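# Summary of the model geometry
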Amino acid sequence: MMNNKKIALAGNPNVGKSTVFNTLTGLHQHTGNWPGKTVDNKSGFFKDEKTRYEIFDLPGTYSLLAHSEEEENARNFLLFENPDKTIVVCDATSLLRNLNLVLQITEVNKNIVLCLNLMDEAKKKKIDIDLKKLEDILNIPVIPVVAVKKEGITELVKALDEERKVRDQIIYDERIEKCIYKLKQVLKEKELFSLNPRYVAIQLLREDWDLLEEFDKYLGYELLDDDLRDVLNSCLEELEDLDIDLLLVDTINKKASFIYDQVVSHTSKKRSLIDQKIDRIVTNKYLGIPIMLLFLAVIFLITIKLSNYPSNFLYNLFFSFEDDLLLFLEGIHLPSYLVHLLVFGVFRTVMWVVSVMLPPMMIFFPFFTILEDSGYLPRIAFNVDGVFEKCSSCGKQALTMAMGFGCNSVGVSGCKIIDSKRERLIATITNAFVPCNGKFPTIIAIITMFLVGFNTSLKNTFLSAVILLLFTLLGIGMTFLISKILSKTILKGSPSSFVLELPSYRKPQIIKTIITSVLDRTIFVLGRAIVVAIPTGALIYLLANTYVGDATILSICTNFLDPFAKIFGLDGVILMAFILGFPANEIVVPIIIMAYLNTSAMMDYSSLVELKNLLIDNGWTIITAVCTLIFVVLHFPCSTTCLTIYKETKSLKIVLLSIFIPLICGLTLCFIANLFLGIFV
Amino acid sequence: MLLSETKVNDKTIVKRIVSNRDIARRFLDIGLTPGTVVETLFENISKNLCAYRIRGAVVSIRKSDSKDIIVAYDE
Ligand SMILES: Nc1nc2c(ncn2[C@@H]2O[C@H](COP(=O)(O)OP(=O)(O)OP(=O)(O)O)[C@@H](O)[C@H]2O)c(=O)[nH]1
Ligand SMILES: [Mg+2]
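Just so you know, these numbers come straight off a predicted model, no measurement behind them.

## Digging into the overall build of chain A
Per the secondary structure count, chain A includes 28 helices and nine strands. Its C-alpha atoms give chain A a radius of gyration of 29 Å, within 12% of the compact-globule value 26 Å for 681 residues. Structurally, chain A occupies a C-alpha span of about 90 × 55 × 55 Å along its principal axes. Taken across its 681 residues, chain A has 60% of its residues classed as buried. Look at the contacts in chain A between residues 6 or more apart in sequence, and 75% of them connect residues 24 or more apart. Of the roughly 28800 Å² of accessible surface on chain A, 63% is carried by carbon and sulfur atoms. A distance of 6 Å separates the average location of the 66 positive side-chain charges in chain A from that of its 71 negative side-chain charges.

## Description of the packing of aromatic side chains
We describe a pair of aromatic rings using the distance from one ring centre to the other and the angle between the two ring planes. Residues and elements named next belong to chain A. In the structure shown here, the tally under the stated rule is 22 aromatic pairs over all chains. Ring plane angle 65 degrees and centroid distance 6.4 Å describe the contact between Phe568 and Phe671, whose orientation is recorded as edge-to-face. With Phe568 in the loop between helix 22 (553-567) and helix 23 (572-580) and Phe671 in helix 28 (residues 652-680), this pair connects stretches of sequence that are 103 residues apart. Residue class for Phe568 comes out buried when judged on its relative accessible area of 12%. Using a relative accessible area of 35% as the deciding quantity, one classes Phe671 as partly exposed. Positioned above the aromatic ring of Phe524, the side-chain terminus of Arg521 is 4.6 Å from the ring centre.

## As for the sheet that holds strand 1 (residues 3-11) of chain A
Two pairing modes exist for strands in a sheet, parallel and antiparallel, and in both the strands are linked by backbone hydrogen bonds. All names here are of chain A. Spatial strand order, 2-3-1-4-5-6: six strands in an open sheet with mixed pairing. Each having just a single partner strand, strand 2 (42-47) and strand 6 (142-144) make up the two edges of the open sheet. The sheet shows a mean angle of 25 degrees between the axes of neighbouring strands, taken without regard to direction. Lying over the sheet, helix 3 (residues 95-106) contacts strand 1, strand 4 (85-91) and strand 5 (112-117), oriented at roughly 165 degrees with respect to strand 4.

## A word on the interface of chain B and chain A
How big an interface is tends to be reported as the loss of accessible area on association of its parts. With 32 residues of chain B at the interface, the matching set in chain A holds 46 residues. In this assembly, chain B packs against chain A so that about 3400 Å² is buried in total across both faces, 51% of it on carbon and sulfur atoms. It is Arg26(B), Ile45(B) and Arg62(B) that lose the most area in chain B upon contact with chain A, and together they represent 22% of the buried surface on that side. Viewed at the interface, chain A and chain B are joined by four salt bridges. Residues Asp385(A) and Arg62(B) are paired through a salt bridge, measuring 2.8 Å at the closest nitrogen-oxygen approach.

## Topic: the coordination of the magnesium ion (ligand 2)
All names here are of chain A. Protein coordination at the magnesium ion (ligand 2) comes from Ser18 (OG) and Thr38 (OG1), with a distance range of 1.9 to 2.0 Å. Remark: Thr38 occurs in the loop between helix 1 (17-25) and strand 2 and Ser18 occurs in helix 1; sequence separation between them is 20 residues. The buried category is assigned to Thr38, whose relative accessible area is 12%.

## Comments concerning a nonpolar patch on the surface
Residues and elements named next belong to chain A. On the surface, Phe564, Ile567, Ile622, Phe671, Ile672, Leu675, Phe676, Ile679, Phe680 and Val681 cluster together into a nonpolar patch covering about 1000 Å² of accessible area. Residue contributions to the nonpolar patch peak at six residues, all from helix 28. You can see Phe676 is positioned in helix 28.

## Some points on the pairing of strand 3 (residues 51-57) of chain A
Residues and elements named next belong to chain A. Among the seven residues in strand 3, five count as buried, and that is most of the element. Here seven bridges tie strand 1 to strand 3, and the two strands are oriented parallel to one another. Within the sheet, the bridge partner assigned to Ala8 lies in strand 3 and is Phe56. Where strand 2 meets strand 3, six bridges bridge the pair, whose relative direction is antiparallel. Bridging across to strand 3, Lys47 finds its partner in Arg52. With antiparallel pairing between neighbouring strands as the criterion, strand 2 and strand 3 make up a hairpin whose turn holds three residues.

## Thoughts on the environment of Thr33(B)
Residue placement: Thr33(B) occurs in the loop between helix 1 (21-29) and strand 2 (37-43). Owing to a relative accessible area of 2%, Thr33(B) belongs among the buried residues under this scheme. Other than its neighbours up to four places away in sequence, Thr33(B) contacts Leu246(A), Val249(A), Asp250(A), Asn253(A), Val14(B), Ile17(B), Leu28(B) and Arg55(B).

## With respect to the sheet that holds strand 2 of chain B
Pairing in this open sheet of six strands is antiparallel, and the strands run 7(A)-4(B)-3(B)-2(B)-1(B)-5(B) from one edge to the other. A strand with exactly one partner marks an edge of an open sheet, and here the two such strands are strand 7 (499-501) of chain A together with strand 5 (69-73) of chain B. On average, each strand axis in the sheet is tilted by 40 degrees relative to the strand beside it, whichever way the strands run. Sheet topology places strand 3 (residues 49-54) of chain B next to strand 4 (residues 57-62) of chain B; six bridges connect them, and they run antiparallel. Paired with Leu49(B) across the two strands is Arg62(B), which belongs to strand 4 of chain B.

## Some words on unusual backbone geometry
Residue and element names in this part refer to chain A. Its identity as a non-glycine residue notwithstanding, Asn82 has a phi of 50 degrees, on the positive side. Along the chain, the position of Asn82 falls in the loop between helix 2 (69-80) and strand 4. Overall, Asn82 belongs to the partly exposed group, its relative accessible area being 44%. With a phi angle near 55 degrees, Lys650 is a residue other than glycine that sits in the positive phi range.

Rules and cut-offs
Residues numbered from 1 in each chain as written. Chains lettered and ligands numbered in written order. Predicted model: local features only at pLDDT ≥ 70, side-chain atom pairs only at ≥ 80, totals over all residues. Heavy atoms only, no water. Helix = DSSP H or I, 4+ residues; strand = E, 2+ residues; numbered from the N terminus. Rg over C-alpha atoms; globule rule 2.2 N^0.38 Å. Buried < 20%, exposed > 50% of the residue type's maximum accessible area, 1.4 Å probe, protein only. Contact = heavy atoms within 4.5 Å. Areas by Shrake-Rupley, 256 points an atom, 1.4 Å probe, with all protein chains shown as cover. Lys, Arg positive; Asp, Glu negative; His and termini not counted. Charge placed at Lys NZ, Arg CZ, Asp CG, Glu CD. Phe/Tyr/Trp six-rings, centres within 6.5 Å; stacked < 30°, edge-to-face > 60°. Lys NZ or Arg CZ within 6 Å of the ring centre and 35° of its normal. Pairing = 2+ DSSP bridges. Axes fitted to C-alpha atoms, helices over the stretch in contact; angles between N-to-C directions. Buried area = accessible area lost by both parts, 1.4 Å probe. Salt bridge = Lys/Arg side-chain N within 4 Å of Asp/Glu carboxyl O. Donors = N, O, S within 2.8 Å, 3.2 Å for Na, K, Ca; no water. Patch = residues over 30% accessible without salt bridge, like charges linked within 9 Å, V, L, I, M, F, W, Y side chains within 5 Å.

Keep in mind these numbers describe shape, not what the thing actually does.
Right under this line is the structure:
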């Protein structure tokens with residue numbers, strides 16, 4: 001019979017918890033060199049000979065005091081889920097601060113294994129840690145690990161079997177201890193399940209009422225009855241002259257320093273020279289912002305340049321199949337309308353999604369992930385914080401925006417790292433202003449067709465990259481504007497406080513990152529193609545070929561929208577495509593193509609050149625192209641993002657705001673662009 | 001003197017923190033308590049945010065928050 005054990009992975013932010021988790025479970029939880037990458041508990045499984053472990057990757061937290069939602073997630077797990085073992089992952093290069101959390105966790109959970117990660121970095125910095133001594137002091141296994149190289153992982157798993165319980169470490173000020181004792185006497189009479197009475201007593205003294213509410217929810221009864229309240233009040237009166245939070249933390253800090261001094265022999269007093277040098281350049285007064293834009297431009301350039309090849313390859317591959325598929329389906333005597341639906345509806349939509357949408361995402365995403373892995377993102381937040389403070393919002397919004405490049409839905413869940421509710425909502429509502437990489441292929445295709453031309457010379461590619469950058473900056477600019485407006489109106493308030501850690505630079509795992517993120521995107525896009533593109537492809541084909549009177553349903557709809565859309569430089573088909581594309585951005589263009597093909601003499605398109613002709617035949621001008629580009633960047637978030645917004649905020653109002661604010665911005669800008677360009681063109 | 005008034009490369013010791021409770025707890029989190037040595041590292045472009053070295057880690061704090069931290073030079 002196999003045992004089952006529940007394991008928690010806790011620790012400070014950015015110490016490699018998710019990396020350890022991935023190594024143990026073989027899963028691909030996202031990692032990144034900045035505090036706040038993981039915001040939700042995630043579970044996985046692994047086994048050894050005797051035991052089946054369920055392991056939970058928790059968000060990083062500096063302490064158990066918990067201020068923001070992701071920290072609450074971590075704390076509540078340790079308190080209420082009662083893990084059999086807690087692996088506390090520590091950064092060997094900053095053990096002092098990490099020990100604080102270790103000591104706090106000893107107050108909650110006695111079955112602890114200390115995983116000393118990033119030993120490679122510690123070695124590089126010549127930090128010498130006496131593992132044996134640390135183990136003796138704490139009376140728990142201390143395992144040195146290099147998670148990215150899988151070193152020490154077997155030992156870590158072995159240590160999960162140990163029975164040693166952590167030695168109690170913390171003794172507070174005498175007066176506080178007396179009160180803790182008094183409270184514990186009362187608490188002894190109550191059923192506390194897995195809660196540690198000493199810990200509960202301390203939290204009562206801290207008057208953390210939010211946490212008390214969580215206790216009640218967990219226990220199923222009201223903890224603070226009259227007896228307890230009386231004792232607590234007398235205690236609080238006695239301690240009135242003390243800043244309890246400060247005293248508690250101070251005691252723990254002192255203890256951490258005490259242990260640290262015994263086990264770490266050498267610490268350099270200076271910051272690492274490399275970090276200093278890089279920071280001097282990337283946060284430089286004059287160079288900081290240009291470097292940031294340059295990074296983005298170069299990534300765009302590479303994306304555009306490189307995606308041509310797989311794109312053409314996939315396109316030709318699909319295309320060469322089309323006739324065979326047609327013949328085959330006719331061969332098995334499917335009714336011809338079904339054959340056409342499958343080939344011209346389903347197959348072509350999937351073909352577009354896979355060959356045009358996938359390659360740019362597949363190339364952009366890994367580059368972006370490498371940048372993220374290096375530790376550069378927090379520096380961006382550092383550089384641009386001035387603007388956010390002017391907008392009365394949180395500097396960490398820059399991090400959630402950066403996540404939005406990968407996927408707006410991820411960006412929205414990432415907003416948990418922002419403490420203040422007001423600022424979190426601002427970041428949530430404006431996240432969709434940042435174009436996710438699912439929008440890039442459409443933008444690139446339109447730029448190629450109408451603004452730059454088909455020649456793929458370096459000059460043209462460069463021009464495309466710059467235009468793409470400009471449209472991205474349009475989205476970012478709108479983020480600032482709307483954040484500011486929100487701060488002055490419905491989400492009124494002044495900026496609240498936050499601390500932003502700038503982690504040490506780490507050498508990104510280039511090969512591994514490329515492989516996992518290419519896989520990640522491919523699975524993501526193919527998954528959406530199956531779930532969304534196939535059924536919508538079929539649906540659109542039906543709409544485009546079912547006649548009511550002498551017009552198709554699709555053309556009735558698009559004709560209806562047409563006069564309205566024309567005001568904004570678009571047309572009915574484009575608008576309709578965006579509405580139908582709500583489940584996923586990727587299918588907007590295939591819908592447009594199908595709708596036009598339906599009304600056009602041309603029956604086929606096999607390249608962007610022909611596609612351009614098709615669009616021009618249907619009345620596209622450069623104005624249409626520009627307005628469509630604006631609208632691609634600024635419309636409503638996709639359905640997945642809307643669902644995430646609802647899940648995170650539980651507020652329909654916020655979802656509606658997140659839909660209509662970008663929509664109104666987009667339409668307004670289209671209207672203006674249409675008007676102005678109309679004068680010149 | 002206030003932490004927000006320190007110059008780049010200054011090394012100071014925290015004397016008192018007078019911030020409101022929420023941010024004070026954040027400061028406690030990162031080990032910023034009275035007696036801690038703080039090294040002022042560099043400012044950002046708009047000079048509203050400054051990076052400090054605290055207990056071996058680099059942490060940036062807005063000037064509007066660091067003005068609530070009273071520090072003194074190390075004797
Ligand atoms: N050099 C080195 N880098 C590592 C090691 N372990 C993790 N990393 C890197 O450290 C960074 C942070 O790793 P994550 O696993 O995302 O950290 P986390 O603790 O889950 O972070 P949060 O979810 O933000 O709390 C990533 O860029 C990893 O590639 C290690 O042992 N050595
Ligand atoms: Mg993580």
